[in-house]
Amino acid sequence: MNIIGFNKPYLTGKETTYITDAVNSGKISGDGIFTKKCHAYFEEKYGFKKCLLTTSCTDALEMAAILINIQPGDEVIMPSFTFVSTSNAFILRGATIVFADSNATHPGMDEDSIESLITPKTKAIVPVHYAGVSCNMDKIMAIAHKHNLYVIEDAAQAIDAYYTGIDGIKKPLGSIGHLSAFSFHETKNIMCGEGGMLVINDEQFIKRAEIIREKGTNRSSFFRGEVDKYGWVDIGSSFLPSDIIAAFLYAQLEHLEEIQQKRLTIWNTYYNLLSPLAQKGYIKLPLITTGATNNAHMFYIVCKNLEERTALITHLKEKNINAVFHYLSLHKSPFYEHKHDGRELPMTDFYSDALLRLPMYYELSLGDIVRISDTIKEYFNESINIK
Ligand SMILES: *Cc1c(COP(=O)(O)O)cnc(C)c1O
């Protein structure tokens with residue numbers, strides 16, 4: 001039986017053509033033709049105020065931490081069930097991370113726990129839209145407004161996902177916080193190998209964001225003819241990607257709708273095939289929260305505990321299927337456990353132990369999905385018979 005991998009990057013076919021075009025244009029450093037095309041695409045399609053491609057989502061988050069002027073001792077609230085980059089960006093500026101627990105019904109951060117974590121030192125909340133499923137942004141924005149905090153959306157997994165709040169307006173994720181960060185890493189829906197984007201919704205940050213992204217210089221203003229020479233005006237780094245990367249990304253953007261449709265079909269097929277197991281109470285299926293849409297970034301199931309998940313991973317592996325676990329609680333990581341304030345985060349630990357991600361990529365066939373689902377069903381029948 002052929003091996004079903006966990007992820008397989010999908011190519012639309014135009015990537016290398018556009019890369020050749022970028023090379024032939026004679027300008028392959030950052031902010032060339034394709035970078036501009038990508039910026040325009042995102043700003044038009046999603047109404048983002050200002051988009052800036054970066055070399056990764058990690059970099060976009062680092063830019064956000066610089067932009068909101070994180071100082072040593074500042075506190076930043078974020079889920080513990082997330083990727084290290086969400087935290088590192090703020091740690092690098094000297095912040096203390098205050099980890100929030102996950103929800104009982106889904107891995108996203110428990111919005112109701114946020115307010116109790118706020119102190120006079122709190123500077124920002126960083127919601128992570130896990131699996132592209134929106135956090136309750138109404139609650140988060142209201143808390144931020146009340147306590148005068150910044151909201152930075154870690155929208156790494158949230159391309160083409162939306163949130164409809166109590167105002168009834170359907171907003172793209174990434175457009176709600178003051179700043180947002182997207183990822184175009186190979187494992188994401190739309191990708192260019194390594195890549196990311198900072199979205200700036202609060203206009204006060206636009207000018208400085210351009211400077212920080214260009215090594216702390218006002219080179220972007222200079223290229224637009226707004227100043228007659230450019231120089232060192234702020235801190236910064238080299239956060240902008242080569243136009244070759246943007247060329248690859250643009251080829252993907254041209255097929256965004258089709259990619260999203262395909263992924264959604266795969267997701268729904270899994271959901272339908274695995275529903276009987278969920279109904280019998282063996283596993284839990286992903287929850288699409290109130291007001292959220294599904295961008296089919298990930299298909300996961302939630303097992304009863306670590307033991308069961310480990311056994312299921314092994315069972316799938318024996319049948320040549322690669323299913324993987326996800327984040328390990330950051331508050332218990334070797335780097336942070338001694339810095340963490342000691343609060344128990346039981347739901348984070350639970351998802352850390354029990355969540356299992358199934359293969360999810362454009363070229364996954366119906367036959368593959370059936371085989372994976374049947375193998376999971378087979379596992380439960382077997383283990384049920386034994387017990
Ligand atoms: C993928 C991911 C990142 C990091 O993205 P890169 O582009 O690889 O830097 C950050 N946060 C979350 C939640 C992610 O899923």
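What you see is a predicted model; the values in this text were computed from it and never measured.

What follows is about the overall build of the protein. Counting its secondary structure elements, the protein contains 12 helices and 11 strands. Its C-alpha radius of gyration of 21 Å places the protein within 12% of the 21 Å reference for a compact globule of 387 residues. Taken across its 387 residues, the protein has 56% of its residues classed as buried. Contacts spanning at least 24 positions in sequence make up 72% of the contacts within the protein whose residues lie at least 6 apart. In the form shown here, the protein has an accessible surface area of approximately 16600 Å², with 55% of it arising from carbon and sulfur atoms.

Attention now goes to the site of the ligand. Taken together, the neighbourhood of the ligand is formed by 15 residues, with Cys57, Thr58, Gln157, Ser183 and Lys188 sitting nearest. In the model, an oxygen atom of the ligand is placed 3.3 Å from a nitrogen or oxygen of the Lys188 side chain. Within the side chain of Tyr327, an N or O atom sits 3.3 Å from an oxygen atom of the ligand. In isolation the ligand exposes 380 Å². Once the protein is present, 93% of that is buried. Spatially, the ligand is embedded in the largest pocket. By residue class, the composition of the shell around the ligand is 5 nonpolar, 8 polar and 2 charged.

The strand order β1-β9-β8-β5-β4-β2-β3 describes an open sheet built from 7 strands, whose pairing is mixed. On the outer flanks of this sheet lie β1 (50-54) and β3 (96-100), each paired with one strand and no other. Taking each pair of neighbouring strands and ignoring which way they run, the sheet shows an average axis angle of 25 degrees. Of the pairings in the sheet, the one linking strand β5 (residues 150-154) to strand β8 (residues 179-183) comprises 3 bridges and is parallel in character. Bridged to Glu153 within β8 is Ser180. Together, β1 and β9 (196-200) form the strand contacts of helix α2 (residues 33-46), whose direction differs from that of β1 by roughly 135 degrees.

Let's shift gears to the domain arrangement of the protein. In many analyses, interface size is given as the accessible surface area lost on bringing the parts together. Partitioning the protein into domains gives domain 1 (15-253) and domain 2 (256-386). In this structure, domain 1 and domain 2 have C-alpha centres spaced 27 Å apart. Opposite the 43 residues of domain 1 that make contact, domain 2 presents 35 residues. Counting each side, the surface lost to burial between domain 1 and domain 2 is near 3300 Å², with a carbon and sulfur contribution of 58%. Summed over the shared surface of domain 1 and domain 2, the number is 1 salt bridge. Among the salt bridges present, the one from Lys45 reaches Glu257, with a minimum N-O distance of 2.4 Å. Here domain 1 is connected to domain 2 by 24 residue pairs in polar contact (both at pLDDT 80 or more). Of all the elements in the fold, those that place two or more residues in the side of domain 1 that touches domain 2 are α2, α4 (84-91), β3, β6 (162-164) and α8 (243-253). Tallying contributions element by element places β3 first for the side of domain 1 that touches domain 2, with 5 residues.

In terms of residue burial, β9 counts as a mostly covered element, since 5 of its 5 residues are buried. Because side chains alternate across β9, one face comprises the buried residues Gly196, Leu198 and Ile200, and the other comprises Met197 and Val199, equally buried. Bridge count between β8 and β9: 5 bridges; the pairing is antiparallel. Considered in β9, the bridge of Ala181 is made with Leu198.

Look at α2 against α8: their axes get within 7 Å of each other, and the N-to-C directions meet at 40 degrees. Considered as vectors, α2 and α8 are oriented oblique to each other. α2 and α8 meet at a crossing whose hand is left-handed. Counted together, Ile33, Phe34, Thr35, Lys37, Cys38, Tyr41 and Phe42 of α2 and Asp243, Ala246, Ala247, Leu249, Tyr250 and Leu253 of α8 form the full contact between these two elements.

So, on to the pattern of salt bridges. Between side chains of opposite charge, a pair can form when the charged atoms approach closely. Applying the stated criterion to the full structure yields 17 salt bridges. Asp167 serves as the salt-bridge partner of Lys171, at 3.2 Å between the closest nitrogen and oxygen. You can call Asp167 partly exposed: its relative accessible area is 44%. Residue Glu214 is joined to Arg219 by a salt bridge in which the shortest nitrogen-to-oxygen separation is 3.1 Å. Given the relative accessible area of 24%, Arg219 is considered partly exposed.

This part covers the packing of aromatic side chains. In this structure the tally under the stated criterion is 27 aromatic pairs. Judged by centre distance (4.8 Å) and plane angle (25 degrees), the ring pair of Tyr270 and Phe299 falls under stacked. You can see Tyr270 sitting in helix α9 (residues 256-279) and its partner Phe299 sitting in strand β10 (residues 299-302), a full 29 residues away along the chain. Overall, the relative accessible area of 0% leaves Tyr270 in the buried class. With a relative accessible area of 0%, Phe299 lands in the buried category. The structure contains a cluster of three or more aromatic residues connected by ring pairs, namely Tyr41, Phe42, Tyr46, Phe48, Tyr162, Phe182 and Phe184. The residue whose ring lies beneath Lys262 is Tyr362, and the NZ or CZ to ring-centre distance is 4.6 Å.

Here we take up the environment of Arg224. Along the chain, Arg224 falls in the loop between α7 (219-223) and α8. With relative accessibility at 46%, the residue Arg224 sits in the partly exposed group. Engagement of the side chain of Arg224 in a polar contact is seen with the side chain of Glu226, the distance being 2.7 Å.

The rules behind each value
Sequence order as written defines residue numbering, which begins from 1 separately in each chain. Given that the model is predicted, a residue must reach a pLDDT of at least 70 before its local features are reported, and side-chain atom pairs must reach 80 or more before they are shown or counted; all residues, however, enter totals for whole chains, interfaces and linings. The side-chain figures draw on all heavy atoms in the structure; neither hydrogens nor water molecules are used. Here a helix means four or more residues in a row that DSSP labels H or I, a strand means two or more in a row labelled E, and each is numbered from the N terminus. Based on C-alpha atoms, the radius of gyration is set beside the globule rule, defined as 2.2 Å times the residue count to the power 0.38. Residue exposure (1.4 Å probe, protein chains only): buried if accessible area is under 20% of the type maximum, exposed if over 50%, otherwise partly exposed. When checking whether two residues touch, look at their non-hydrogen atoms; a contact exists if any pair is within 4.5 Å. Only the protein chains shown count as covering a residue, and every accessible area follows the Shrake-Rupley method with a 1.4 Å probe. Proximity is defined per residue: if any heavy atom of the residue lies within 4 Å of a molecule or strand, that residue is considered near it. What qualifies as a polar contact is a pair of N or O atoms within 3.5 Å, subject to a donor-acceptor requirement within protein and to the restriction that residues adjacent in sequence count only when both atoms come from side chains. Cavities and pockets were defined on a 1 Å grid built over protein atoms only: a cavity is a set of grid points that admits a 1.4 Å probe from which the probe cannot escape, a pocket is an open set flanked by protein on both sides within 12 Å along at least five of seven lines, and lining residues are those with an atom within 4 Å of any such point. A cavity or pocket is said to hold a molecule if more than half of that molecule's atoms lie within 2 Å of its grid points. Residues are grouped as follows: nonpolar covers Ala, Val, Leu, Ile, Met, Phe, Trp, Tyr, Cys and Pro; charged covers Asp, Glu, Lys and Arg; every other residue, Gly included, is treated as polar. In this scheme, strands are said to pair when DSSP sees at least two bridges between them. Working convention: axes come from line fits to C-alpha atoms, limited for helices to the stretch in contact. Angles between N-to-C directions cover 0 to 180 degrees. Domains are outlined according to an automatic or database domain assignment. The buried area of a pairing is the accessible area, by a 1.4 Å probe, that goes missing from both parts when the two are put together, added over both. Only one rule defines a salt bridge in this text: a Lys or Arg side-chain nitrogen within 4 Å of an Asp or Glu carboxyl oxygen. Orientation labels follow simple angle bins: below 35 degrees gives roughly parallel, above 145 gives roughly antiparallel, 65 to 115 gives roughly perpendicular, and whatever is left gives oblique. If you view the pair so one helix is near and one far, a crossing is left-handed when the near helix is turned anticlockwise from the far one by less than a right angle, and right-handed when it is turned clockwise. By convention, a stacked pair of Phe, Tyr or Trp rings (six-membered ring in the case of Trp) has centres within 6.5 Å and planes under 30 degrees apart, an edge-to-face pair has planes over 60 apart, and any other such pair is tilted. The rule for a charge over a ring is simple: NZ of Lys or CZ of Arg within 6 Å of the ring centre, and within 35 degrees of the ring normal.

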